[in-house]
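Now for the letters of each chain:
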Number of protein chains: 2
Amino acid sequence: MTEFSPPKTPPGHVLILGDATPLPLDSGGHLGPFPLAYSTYGTMNAAKSNVILIAHALTGDQVVSGTHPVTKRPGWWDRMVGPGRIIDTNRFFVICANVIGGCMGSAGPAAINPATGQLWSADFPFITIGDMVRAQARLLDHLGIDDLFMAIGGSMGGMQVLQWLRDYPQRLFAGAALATAARHSPQQIGLHSIGRRAILADPHWQDGRYHGTGHAPIAGLEVARMLAHLSYRAPEEFDSRFGRALQDRDQPAYGPGIDYQVENYLAYHGRRFVERFDPASYILITKAMDYFDLAPDGDLAARFVGARTHMFLGAYESDWLYPPAQTQLLADAMARADVVHIHRCYQAIAGHDSFLLEIEPFDADFARFINEMATKRGLPAPR
Amino acid sequence: MTEFSPPKTPPGHVLILGDATPLPLDSGGHLGPFPLAYSTYGTMNAAKSNVILIAHALTGDQVVSGTHPVTKRPGWWDRMVGPGRIIDTNRFFVICANVIGGCMGSAGPAAINPATGQLWSADFPFITIGDMVRAQARLLDHLGIDDLFMAIGGSMGGMQVLQWLRDYPQRLFAGAALATAARHSPQQIGLHSIGRRAILADPHWQDGRYHGTGHAPIAGLEVARMLAHLSYRAPEEFDSRFGRALQDRDQPAYGPGIDYQVENYLAYHGRRFVERFDPASYILITKAMDYFDLAPDGDLAARFVGARTHMFLGAYESDWLYPPAQTQLLADAMARADVVHIHRCYQAIAGHDSFLLEIEPFDADFARFINEMATKRGLPAPR
C-alpha cells in the first residue's frame, strides 16, 4: 500500500495566487498564498474574447485533452477538445484548472502550503463550489481575462458553471451545464457519505494526517471509488455489457472474492483510481458537492434574474445519480428568470458518465450551440 | 469494537438436522449435522394443511412477529403476522427458519459446528438459495409436513419462494414473492460486491477467521449496511423525509464527519446492524443472492411448467434495487407456463423496503389472496 503523491511538475502551469489578498472561503476562513495548476489549449486572441473555461468533475483534473502525464492515458475529454474537434482549439483558447482541494498541483491536502513549506494535510480548509469558482476568477484576473466566452462542465463541473452564472453573470457570455443539479439531493449526499465513511473507517486515515507517513487510506478510497463508479453507470449498460458473466471461470468460486465480471470491473476501477487520487481530496471535494445549493431558500429563478448569459442544459435519460428531473428544475428556473437557454435530455444507456461519451445527438446540438455562440460573439470561423 | 455473538438461546426452536444424511450443497460439498433455528406462530391443524412458511430477507431472521429477544424490537413483519392480522395466527401455523449461513442460531460462520464442537468460522461452506430451501424442506420433513399451504417472502425471501416453486411445486399450494427477481442483475451483484469489499478491506476480517479473536470487521460491515440501507430506500422518500436538513446544527461543520440528517440516518442504521449481525454471514448470504439464477439458460417459463401452485407477485414502483421490470419478467414467464398468478405493482415511495411497510392496496389485495387460497384449501374461517 503506497501513498498518492502529487506530480512534482503538474501538467501545464502553476500559479501562486492569493499572496497579497488571501481568498475568502465560505467557511469563514481564508486561503492564501495558494498554488493553482491549470492547462491551456489553443491561443488566446488579442481581444481575449475566445476563452473557454472547462470545469472538471469530482475526479477529473486539468488535463482535458492530450496524454495525461501521470496516467499516460488520454485526458478526460480528449474526444471533445482539440484542433478541429467540437471545442476547437484552432478557434478557442481553452483553460482548465485543477480545483482547489484537488490533488493534481492545486492547493489541497497533498500539496505543499507555500506559506509553511509543509504539506497542508489535515490543515487544509474545507471548501465549497463557490470557493472553487472564486479561485478560478482569481486566475482569470491574473491572466487579464475580463470575461469568458463560455464555461462548460458536467456533474461537479456543471455545478461550477451554475455558480459562475450566479456569482459572475456579467463575466459569462455563454455556459453549458451537463448532467448536473442546482443542489445535491439527500440520496446524492448519502452516496457520498458512504464513500467517505469507507475512507474514514480505514485505519490508515489517521485523522487525515496520513500524508508523509507512508500509509494512506487507499483501501477505503477503493471502496469509495467502486461505489462512485457504479453510481456513474446505469443498470441497463451493466446488463448489456456484463450480464451475469463470470470472471475467468465456468463456475462460481464459492468464496468471498470476485465471481462476476461486473465485480472485477468495479474492483479494477477502484485500483486504478487510487494511483492518481488523494483520499483527503476525495473527502474534501465530495463535501463541497454535498454543500452545493445554489438557492437554499428554494428560489432558484431569483439567482438567475438579469443574467444575459446563453445557457445549454443537457441531461441523460439513464442518469439515475443526477436524474433529468434535476436539470428540468434548472430549465424551469431559467425560463422563469428569462435566461435564454437550450434544454435537452438525451437517450443514452451509460448513466451519469454519458456526458463524457459520444452521444451523436448531443454532439450535434452542442457543436451547433458553440458555433452559434461564437458567431454571436463575433469570433472568426475556424482556420 | 466488539464481536457479534449469536444468542446462546436463539428465539424459538433449534433442531439438529442432516445428522444421518448430510445436506448436499450446490457447491458440491455437504453440510451436516447442522443446527436450524426456527420460530412458529399459531397452531398446526390435524391435517397439517394450514402451514405457512415465511422466508426472511438478507438481514432478517426467524423472529417475524412479537418482540425480538436480541434487539428488543418488534419482529420484522410483526404488523403482518399475528392473531387477527393479515397472516392470521388464529387460522394458520406460521414457520420461519433462520437461513443456513445466517447468524441467529442456524448453521453459519458464527455458530458451533456440532461435529467438532468448534465455531465454523471460515470453514463454513458457501451456499446458495437452493441450499437454504433444501434445508427448509428438511425441516418440514422432520415436522412431518408434506406440503405447505403457502410460502411467502420478499427480496431474498421471494427468491426462496421462487426456488420452492421450481424445486418443490408439488409441496406448494400457494406462494407469494414480493419485491424480488428470478436472477440477480449485474447492478445488484455490483452493489453487494462493494459491501463485501468494505468488509474484506477491514483489517479485522483476518481471512474470515476472526471469530473468537475479540475483533471483527465491524467497521466494514457498517459501511456495507449503510450502502444496503440506501439501496433499500428511494430518493423520493429521502427528499420528503430529510431534504437537505442538517443534523443538530445551523451551518455545515466544514469537516469530514456528518453534516446532514440523511448521513446520520445511514450511520445510525450501520451502527444498529452490527449489534445483531455477523460480517461473515453477510458475505455468505449476499453471495447466495448473487448466485441466484432460477433459469441460467434464460428459459424461465420452463422452470414453472406443470406447477399447480397459485402465485402472488408484488412489486413497488420506487424500488430501484429490485425494479418492477424484474417482477414483470416473472409474471410473463408464469403466464407462458400457465401458472395461475396475480401480479400487482404498487405505488409506494419507500423503495425496496416498501414490501415490509403498510401499503393499503397491497394489504387489501394480499388479505384477499390469502383468504381465497384458504377457502380453496378448505380451511375453516378464523375463530
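Residues numbered from 1 in each chain as written. Chains lettered and ligands numbered in written order. Predicted model: local features only at pLDDT ≥ 70, side-chain atom pairs only at ≥ 80, totals over all residues. Heavy atoms only, no water.

As recorded in an unreviewed UniProt entry, chain A goes by Homoserine O-acetyltransferase and comes from Iodidimonas nitroreducens. The record in UniProt for chain A states the following under Function (unreviewed entry): "Transfers an acetyl group from acetyl-CoA to L-homoserine, forming acetyl-L-homoserine." The heading Pathway (unreviewed entry) in the UniProt record of chain A holds the text "Amino-acid biosynthesis; L-methionine biosynthesis via de novo pathway; O-acetyl-L-homoserine from L-homoserine: step 1/1." (UniProt positions renumbered as here; feature names shortened; annotations may be inferred.)

Focus: the environment of Gly195 of chain B
Position of Gly195 of chain B among the secondary structure elements: in helix H3 (residues 186-200). The contact partners of Gly195 of chain B, leaving out residues within four places of it in the chain, are Ala224 and Leu227 of chain B. (Helix = DSSP H or I, 4+ residues; strand = E, 2+ residues; numbered from the N terminus. Contact = heavy atoms within 4.5 Å.)

Regarding the sheet that holds strand S4 (residues 34-41) of chain B
All names here are of chain B. Taken in spatial order, the eight strands of this open sheet run S1-S4-S8-S5-S11-S12-S13-S14, and their pairing is mixed. Edge positions in the sheet fall to strand S1 (13-17) and strand S14 (341-346), since each has one partner strand and no second. Direction aside, the axes of adjacent strands within the sheet are offset by 20° on average. Looking at chain direction, strand S11 (residues 148-154) and strand S12 (residues 172-178) are connected through six bridges and run parallel. Bridging across to S12, Met150 finds its partner in Ala174. Contacting S1, S4, strand S5 (51-55), strand S8 (93-97) and S11, helix H1 (residues 129-143) crosses the sheet at an angle of about 100° to S1. With respect to the sheet, helix H2 (residues 156-167) is in contact with S5, S11, S12 and strand S13 (310-316), its orientation differing from that of S11 by roughly 145°. (Pairing = 2+ DSSP bridges. Axes fitted to C-alpha atoms, helices over the stretch in contact; angles between N-to-C directions.)

Topic: empty space enclosed by the protein
It is a probe the size of a water molecule, rolled over the atoms, that shows where empty space is left. Applying the stated criterion to the full structure yields three cavities of 30 Å³ or more. Approximately 110 Å³ is the volume found for the largest cavity. In terms of lining residues, the largest cavity is bounded by 14 residues, among which Ala198 and Ala201 of chain A together with Ala198, Ala201 and Asp202 of chain B are the most central. Residue assignment for the lining of the largest cavity shows that the elements contributing at least two residues are helix H4 (218-232) of chain A together with helix H4 (218-232) of chain B. (1 Å grid on protein atoms, 1.4 Å probe; cavity = no way out; pocket = protein on both sides within 12 Å on 5 of 7 lines; lining within 4 Å. Points joined across faces, edges and corners; volume = space filled by probe spheres on them.)

Quick look at the relation of the copies chain A and chain B
With an RMSD of 0.0 Å, chain A superimposes on chain B once it is rotated by 180° and translated 0.0 Å along the axis. Each copy turns onto its partner about a two-fold axis. Of all interface residues in chain A, 100% are interface residues in chain B too; the two copies therefore contact each other through one and the same surface. (Least-squares fit on C-alpha atoms with pLDDT ≥ 70 in both.)

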